[in-house]
Structures are given as structure tokens and as C-alpha cells.
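Chain and residue survey
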Amino acid sequence: MNSIVKLDTVSKIYRRGREEVQAIKNVSFEIFEGDQIAICGPSGSGKTTLLNLAGCMDHPTTGTISVEGKEVGQASESVLADIRSRTVGFVFQQFFLIPTLTVLENAALPLIFSNRVVPRDQVVSLLESVGLGHRLDHLPGQLSGGEMQRVAVARALINEPRLVLADEPTGNLDSRSAASVIELFDSLHSRGIAVVIVTHNPELAARCRKVVRIEDGTIAV
Ligand code: ADP
Ligand code: MG
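Residues numbered from 1 in each chain as written. Chains lettered and ligands numbered in written order. Predicted model: local features only at pLDDT ≥ 70, side-chain atom pairs only at ≥ 80, totals over all residues. Heavy atoms only, no water.

Time to look at the sheet that holds strand S2 (residues 19–32). Within the open sheet, the four strands sit side by side as S2-S1-S4-S5. Their pairing is antiparallel. At either end of the open sheet lies a strand with only one pairing partner, and these are S2 and strand S5 (70–71). Two elements, strand S4 (residues 62–67) and S5, share two bridges in a ladder whose sense is antiparallel. Along S5, the bridge assignment pairs Ser66 with Glu71. Sitting on the sheet, helix H1 (residues 47–54) is in contact with strand S1 (3–16), S2 and S4, with an inclination near 125° to S1. (Pairing = 2+ DSSP bridges. Helix = DSSP H or I, 4+ residues; strand = E, 2+ residues; numbered from the N terminus. Contact = heavy atoms within 4.5 Å. Axes fitted to C-alpha atoms, helices over the stretch in contact; angles between N-to-C directions.)

The following block contains the structure:
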């Protein structure tokens, strides 16, 4: 199987004034094409830190991170930004939609950063594929939570990433909206996109092929 991201004995230490927090301790973790992984664990155990490292949002303090076989752990911000826009899509608990842009504009937003042009029809069919074909000109404030998260998933897919990383994507949703978003993540996997989801939602975790448990900055076995 092809490796997309590989973390090799990675640690992450945050410094807050004089205090040091070792959020991730010597973790090795690899994401392959076709993976569908749930990351579970208590609050503060390092789940978000691990996801951010895998998504090149942050540099490791020690250890190496490779994306598609190329070492990028200490790469410059512009190299990391390029990887983020080409290889990885992100979905967050808080959706992070721009309130003054329509559904269509929000979904197309990453194209500005990746310098790509995608015909409007293609953005529309992406939004149709996440069940939002009837909401194209709505503003985020006119949508339900589940619909907002589906816009965020479409936005994560617009650059056709090989990997989607989601940090508690159903954390702000009622159970019905959560169910529709869970279905959607399942369909990403069947489209051949690797998916890694941090979640407290047992239903979502149970759907994933692999569950990784993080405790106190390490992968529990
Ligand atoms: P989780 O997502 O499992 O709740 P996090 O990865 O957010 O855990 O946090 C792991 C540890 O690192 C926690 O002790 C948290 O307080 C600390 N931490 C996370 N981000 C930062 C930061 N930017 N600066 C300082 N400490 C941080
Ligand atoms: Mg977190």
C-alpha cells in the first residue's frame, strides 16, 4: 500500500512561558492510501496535536515527518502550505465557514490558495455530492449545523486531496446531523480518499476500519 504521511518517533513540546507540555511523545504513525482511521482518547491526550502534525500544520519538536516519501518535518512554511493545499483536506469541529460568503463561495475558497481554477459546474457537482445542491446561494447562517459541516467537507475536497483529516467533525452536531455527516465520511472512504477522524462519537469510530487510542501523548496498544 502507498504511504501518504509517515510520522517516525515524533514528539511535540509546547512551551508556555517557563512551562513545557509534551503533547506527543515518540509517536510513530503512518497513514496509507485507503486508510480509514478513528483517533480516540481523553481530552488533552494529544489528538489534535497529532492530527495537526500529520496535516503539516505544525513542526515536530523531534522526529521526522514524511509526506509521499519526502521528509518535510522542518520544511519551510511555504512548502508546508503547498502540501496542505494539494494533498490534505481539513474538517474542524467549528466548521470555520466565512459567514459573508455563500455555500458555493465557501466550498471554492481553497482554490485561491492553491492557485487553481475549477469550473463552477464542478463545484456545484461536488456540493450536490454532499447533498447541498439546493443550498448553493445560501449563507452559512441560513444552514443547519449538519449542512454547515457538509459545506466544510466539500471545501476540504475541492482540491482533490488524497487524505482528509477531521478533528471532532460531529462534536457540535445533534445526533441526526451527526448521522448525515458520518454517512458522508463513509462515502469519502469509498471514493478512495484516506480519512483520519478524531472523534468521541462511538458510532463514527465503529465505522472506521482502524481505531487508534491516544493516552497521555502516546499511542496506547
Ligand atoms: P486533545 O485534542 O486530545 O484534547 P491537544 O492535542 O489539544 O489534546 O493537547 C495536548 C496537550 O497539549 C494539552 O495538555 C494541551 O493543553 C497542550 N497544548 C495543545 N496546544 C497547545 C499550544 N498551542 N500551546 C501550549 N500547549 C498546548
Ligand atoms: Mg482536540
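What follows continues from the structure just given.
Near ligand 1, the surroundings consist of Tyr14, Arg16, Val21, Ala23, Pro42, Ser43, Gly44, Ser45, Gly46, Lys47, Thr48 and Thr49. A distance of 2.7 Å is found between an oxygen atom of ligand 1 and a backbone nitrogen or oxygen belonging to Gly44. Separating an oxygen atom of ligand 1 from a side-chain N or O atom of Lys47 is a distance of 2.7 Å. Burial of ligand 1 by the surrounding chains reaches 67%, relative to a free accessible area of 560 Å². Of all the secondary structure elements, the ones that give two or more residues to the shell around ligand 1 are S1, S2 and H1. Among the elements that line the shell around ligand 1, the one with the most residues is H1, at three residues. Here the shell around ligand 1 is composed, by residue class, of four nonpolar, six polar and two charged. (Near = heavy atom within 4 Å. Polar contact = N/O pair within 3.5 Å; in protein donor to acceptor, adjacent residues only side chain to side chain. Areas by Shrake-Rupley, 256 points an atom, 1.4 Å probe, with all protein chains shown as cover. Nonpolar A, V, L, I, M, F, W, Y, C, P; charged D, E, K, R; others polar.)

All right, on to the nonpolar core then. In terms of nonpolar packing, the biggest core is built from 41 residues, with Leu127, Phe185 and Leu188 touching the most fellow members. Residue assignment for this core shows that the elements contributing at least two residues are strand S3 (36–40), helix H3 (103–108), helix H5 (120–129), helix H6 (145–157), strand S7 (163–167), helix H7 (175–190), strand S8 (194–198) and helix H8 (202–207). Of all the elements, H6 adds the most residues to this core, at seven residues. For Leu188, the residues in contact, after removing those within four places along its chain, are Val153, Leu157, Val164, Ile193 and Val195. The next biggest cluster of nonpolar side chains, apart from the first, holds 30 residues, and it includes Leu7, Ile31, Cys56 and Phe90. (Core = buried A, V, L, I, M, F, W, Y, C linked by side-chain atoms within 4.5 Å. Buried < 20%, exposed > 50% of the residue type's maximum accessible area, 1.4 Å probe, protein only.)

Attention now goes to the pattern of salt bridges. As enumerated under the stated definition, the model contains 14 salt bridges in all. Where Arg15 meets Glu20, a salt bridge forms, and the shortest distance between an N and an O atom there is 2.9 Å. Residue Arg15 is classed as exposed on the basis of its relative accessible area of 56%. A salt bridge links Arg213 to Glu215; the nearest nitrogen and oxygen atoms lie 2.8 Å apart. A network of salt bridges, in which partner residues are shared, links Glu183, Asp186, Glu203 and Arg207. (Salt bridge = Lys/Arg side-chain N within 4 Å of Asp/Glu carboxyl O.)

With respect to burial, S8 is a largely interior element, five of its five residues being buried. Every second residue of S8 is oriented toward a common face, with Ala194, Val196 and Val198 on one face and Val195 and Ile197 on the other, all of them buried. Bridge count between S3 and S8: four bridges; the pairing is parallel. In the strand pairing of S8, Gln36 is matched with Val195. Remark: the S7/H7/S8 crossover connection has right-handed handedness. (Right-handed = clockwise from strand over helix to strand, strands pointing away.)

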